Amino acid sequence: MVGGVFSRFKIPLLLAPALLVLGGLFAGGLYAALVQSLGYFPAIGMTEVSLDAYREVLGSRRFLDSLLLTFYVAGVSTVLATVLAVLAALALRRSPSRISSVIFQVPITVPHLVAAVGIALVVSQTGLGARLAASLGLIGEPAEFPALLYDRYSVGIILTYVWKEMPFVALVVLAGLRGVAGELEEVARTLGASAWQRFWYVVFPVISPGIVAASLIVFAFTFGAFEVPFLLGRSYPTILPVMAYDEYRSVELTDRPAAMAINVLITLVTALTAALYLRLSRRIGGRRGSS
Amino acid sequence: MGRRKRPGGLGLALVASLVALPLLPLLLWAFTGVWRFPDLLPSELSLRGWEYVAGGGGRAPEAILNSLLIGVAATAASVAVGLPAGMALGGYEFRLKGLVIFFVLLPILVPPLASTMGIHLTFIRLGLADTAFGVFLVHLIPTVPYTAIILTSVFAERGGEMEEAARTLGASPWQTFRHVTLPRAVPGIAVASLFAFLLSWSQYALTLLIGGGSVITLPMLLFSAASGSDPVITAVLTVVFALPALLALVVALRFLRGHGDERDLPFLGRPS
Amino acid sequence: MSPPASARLELRDVSLRYGRGAEPALKGLSLTVEPGELVALLGPSGCGKTTALKIVAGLLAPTSGEVLVDGRSLLGVPPEKRGAAMVFQKPLLFPHMSVEANVGFGLRMRGASQAESSARAREALGRVRMEGHGDRRPDELSGGQQQRVSLARALVTEPSLLLLDEPLSALDANLRSALRDLVREVQEEGGYTTVFVTHDQEEAVVLADRIALVTGGALRMYDRPQAFYDRPRTREVAEFFGATNFIEGRSAGPDGPVETALGTFGLATPVPAGKVTLTIRPEAVRLGTQSEDGGNSFVARVSEATYLGTQISYRLQAGDTSLRAALPPHTRLAVGERTTVRLPAESLWPLGP
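These numbers come from a predicted model, not from an experiment.

(A) Quick peek at the pairing of strand β8 (residues 193-198) of chain C. All names here are of chain C. Burial analysis of β8 places 6 of its 6 residues in the buried class, the great majority of the element. Neither face of β8 is open: one carries Thr193, Val195 and Val197, the other Thr194, Phe196 and Thr198, and all of them are buried. With 5 bridges connecting them, strand β3 (residues 38-42) and β8 associate as parallel partners. Note that in β8 the partner of Leu38 across the bridge is Thr194. In this view, the connection linking strand β7 (residues 161-165) to its parallel neighbour β8 by way of helix α5 (residues 173-190) has right-handed handedness.

(B) View of the pattern of salt bridges. All names here are of chain C. All chains considered together, the criterion is met by 33 salt bridges over all chains. In this structure, Arg184 and Glu188 form a salt bridge, with 3.1 Å as the shortest nitrogen-oxygen distance. Taken as a pair, Arg184 and Glu188 lie in helix α5 at a separation of 4 residues, close to a single helical turn. A residue is classified by how much of its surface remains accessible, and Arg184, at 15% relative accessible area, is buried.

(C) Quick peek at unusual backbone geometry. All names here are of chain A. The residue after Tyr236, namely Pro237, is reached through a cis peptide bond having omega -15°. Topologically, Pro237 is positioned in the loop between α11 (227-232) and α12 (240-249). A positive phi angle, near 55°, is found at Tyr150, a position not held by glycine. Tracing the sequence through the fold places Tyr150 in the loop between α7 (128-135) and α8 (155-178).

(D) Looking closely at the interface of chain B and chain A. Contacts between the two partners involve 86 residues from chain B and, on the opposite side, 91 residues from chain A. Interface area for chain B against chain A, summed over the two sides, is near 7,900 Å², with a carbon-plus-sulfur share of 79%. Linking chain B to chain A there are 0 salt bridges. Across the contact surface, chain B and chain A share 10 residue pairs in polar contact (both at pLDDT 80 or more). Of the residues assigned to the side of chain B that touches chain A, the class counts are 66 nonpolar, 11 polar and 9 charged.

(E) Structural context of the sheet that holds strand β14 (residues 274-279) of chain C. Residues and elements named next belong to chain C. Ordered by their spatial adjacency, 5 strands build an open sheet running β13-β12-β11-β14-β20, and the pairing between neighbours is antiparallel. Here the strands that pair on one side only, and so sit at the sheet edges, are β13 (263-265) and β20 (349-351). Taken pair by pair, the neighbouring strands of this sheet meet at an average axis angle of 40°, ignoring direction. Of the pairings in the sheet, the one linking strand β11 (residues 246-251) to strand β12 (residues 258-260) comprises 3 bridges and is antiparallel in character. Residue Ser251 lies in a different strand from β12, and its bridge partner there is Val258.

(F) How the structure looks around the nonpolar core. Judged by nonpolar contacts, the single largest core of 250 residues is most densely connected at Phe104(A), Phe123(B), Leu140(B), Leu237(B), Leu9(C), Phe105(C) and Leu163(C). With residues near it in sequence (within four places) discarded, Phe123(B) still touches Leu25(A), Leu128(B), Ala129(B), Gly134(B), Leu137(B), Val138(B) and Ile210(B).

(G) Region of the structure containing helix α7 (residues 132-158) of chain B. All names here are of chain B. A rise of 1.5 Å per residue sets the reference length of α7, with its 27 residues, at 39 Å; its end C-alpha atoms lie 38 Å apart and thus fit the reference within 8%. Its axis deflected by about 40° at Ile141, α7 carries its strongest bend there, up to four residues before the proline Pro142. For α7, the buried fraction is high: 22 of the 27 residues fall into the buried class. Positive backbone phi, approximately 70°, marks Gly159, located one or two places after α7.

(H) Structural context of the UniProt feature "transmembrane region" (unreviewed entry) in chain A. All names here are of chain A. As annotated by UniProt and renumbered to match this structure, "transmembrane region" (unreviewed entry) occupies residues 69-92, 113-133, 153-177, 198-226 and 258-278. Summarising residues 69-92: 100% helix, 0% strand, and an end-to-end C-alpha distance of 33 Å. As a span, residues 113-133 carries 81% helix and 0% strand, and end to end its C-alpha atoms are 26 Å apart.

Scoring rules and cut-offs
Residues numbered from 1 in each chain as written. Chains lettered and ligands numbered in written order. Predicted model: local features only at pLDDT ≥ 70, side-chain atom pairs only at ≥ 80, totals over all residues. Heavy atoms only, no water. Buried < 20%, exposed > 50% of the residue type's maximum accessible area, 1.4 Å probe, protein only. Helix = DSSP H or I, 4+ residues; strand = E, 2+ residues; numbered from the N terminus. Pairing = 2+ DSSP bridges. Right-handed = clockwise from strand over helix to strand, strands pointing away. Salt bridge = Lys/Arg side-chain N within 4 Å of Asp/Glu carboxyl O. Contact = heavy atoms within 4.5 Å. Buried area = accessible area lost by both parts, 1.4 Å probe. Polar contact = N/O pair within 3.5 Å; in protein donor to acceptor, adjacent residues only side chain to side chain. Nonpolar A, V, L, I, M, F, W, Y, C, P; charged D, E, K, R; others polar. Axes fitted to C-alpha atoms, helices over the stretch in contact; angles between N-to-C directions. Core = buried A, V, L, I, M, F, W, Y, C linked by side-chain atoms within 4.5 Å. Expected span 1.5 Å × (residues − 1). Bend = angle between axes of the 7 residues up to and from the residue. UniProt positions renumbered as here; feature names shortened; annotations may be inferred.

Right, dumping it as structure tokens:
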């Protein structure tokens, strides 16, 4: 009964390849990172399990500065991207969906590095913005233009993230507006609700779970992303993933547990955000499914 | 045009120009000969950057080829692995399904940098570090979840009645897969492949870690150019780097039009 | 509860074209709904009936024409100020509000206090037999219950116009007839001027004071339900209401008989001279012993007999003409049998062009 055996193990068999790949590379990698963060590193003669690396990392000024910067960049990027996304979606809700989806898909599809270079060419001291300021007579020298790259407010990084992630949130909002929220708005209209009342009491509450879910994704991503801050960020403090990378690349092999400890902490924060997201999206899905 | 003004035309123009803003200087710089500081436009256009890159300056052709090969391999492997997973997750109900979905989604939501650093040591031991094959393997960390989840939604959306009908008409499980399931999944597989390729093509951090500077892909070159001083070379490399994404967008649009599909383009996240 | 100010609704030559060059969705629709009247807008899907309703609600603007309530134009008035509450095909309850908050929504939007809107919402829920469900979430209710709540939500604002867009079409058959009765009941109680869009001819006949039959964006007939069976205006109208018996002929003059291939028929209605199509309901056709008194009769062959439970449907063939007759189930005519057929003068109806 080959067929019987096959159908009995069909689902495990179908899942096995993906689970093996992800289990080996992703889960295995995370496990190794965790073990190494605990100081177990036989390759360099460290075999004692301890929380020293965490103690060292959490107690260091450098880590705290990094942590603050990371929360700041991820938080500001997420809030700005979300607010702009809602505004953009409201502006485009009556445009043909083909046009709006093309406009929003461009930043979503283009790699982050492209966005970072593009933003740099706009906001650098010899960039488009500075040239515009100069031709308007606002500045004379490039150096008079405010430094927006490698700066303490991470303007370049945040602008790159806003440009890249805003459309993702906007498409989620737009889908909501064009779907059930749009129908409910018509109902509210026939029941006498003004434009502001319709948005505040009907449209916004209906689309907000989707907005929150999308912005959680943006937060998790910007919290753990490496390349944009690596390219446009200052050398101190750095964003956490860059700090982890620096520690990892350090000549001192004994810094590795510290690098791994930072990695584990990043993973914890993002996994927590991810779990929140999944709970939220399941609730949205469940509600939609039963009505 | 004497037609009524379309509401929101102004908003549309504003959003479109904000989206286009960072792409504009990229295109200009890529074809610039001379562009002095206060000028708003280049005073001289040239193909200097393109000639340099096409002529092998900075190993660009090699890097592009590496990026392409690794991307194609990662795409093929992700579809091969993600298709059965998508069939199982989208087509069937089973115990622990929620947990499996969470496990598959996690590498999308949690940065892959941590696991890659963790696995680096093992890769060194196995001789996979600093090799293109090793880079290909770590690219699977983000690409497999995306393909699996996209294909899951494809199979979940259409249900299994068509397959059941085929079975009652005398098709074996394999024939059902070959003649019913697979042909109907082709659009979904195409979208998933597109995503997988773009994800691999855009990957910088994982390549840097595992490739260790020995495996040169396009973003590696782009990064060192961007840290350098010649915006023309940087712009040319960036345009080349953005090209597959824009091409994919055009293809996806045409594809959807061909199928008369009025939905928005499929999206689940952003290839970084 | 004060009775609502019933309004008189008038559509005057309303047309709507969605895009340039597109076929118009509505072509010069004119219609008057008297205060407290329930009018069914009946038509096949895509005929423009929902479009017409949305124009009355203000959710669409007509390309030309006028919409008047009690003689005043509504066109400059935004939907939220029209006092035209609409119930949609789907219940579309606000998912983030309790049932009571859903029903009280319209009142709160008009600035009513929490206590007042809550009390009136509970009262409205009672009117649709949903008392005691106020604290539930919409997704805890069945489809029929949700649609009742949606009706209560529209009623609570005491609308001058009640607009119903196929509110029963998403429900199961038995639920549908129960809710249909409820709609009629609350509508009569409240005396709302009501427009009810439906594609279901039976629903329209049972519910409406008058039916407006719309096809292809134009009004084909506007009359009391009975008239659609007894005196359909055109062959198209007759066919929409299930008529199958059509006899081509030529009239000699207003009082003169009509010559047809089946014979010469007298009618109780005057028919202008010239070509004419006659129709007769299958129930009005008389067969065999029933057709004794001579006039308006001919001989036909029974070509088919279908037992339908409460009646038997016969297909009769006479030359090239085929007619249907519906008789009580105790009649026993065999297929192939020849029988006399009489078409009573008072039941024969001439159709307009």
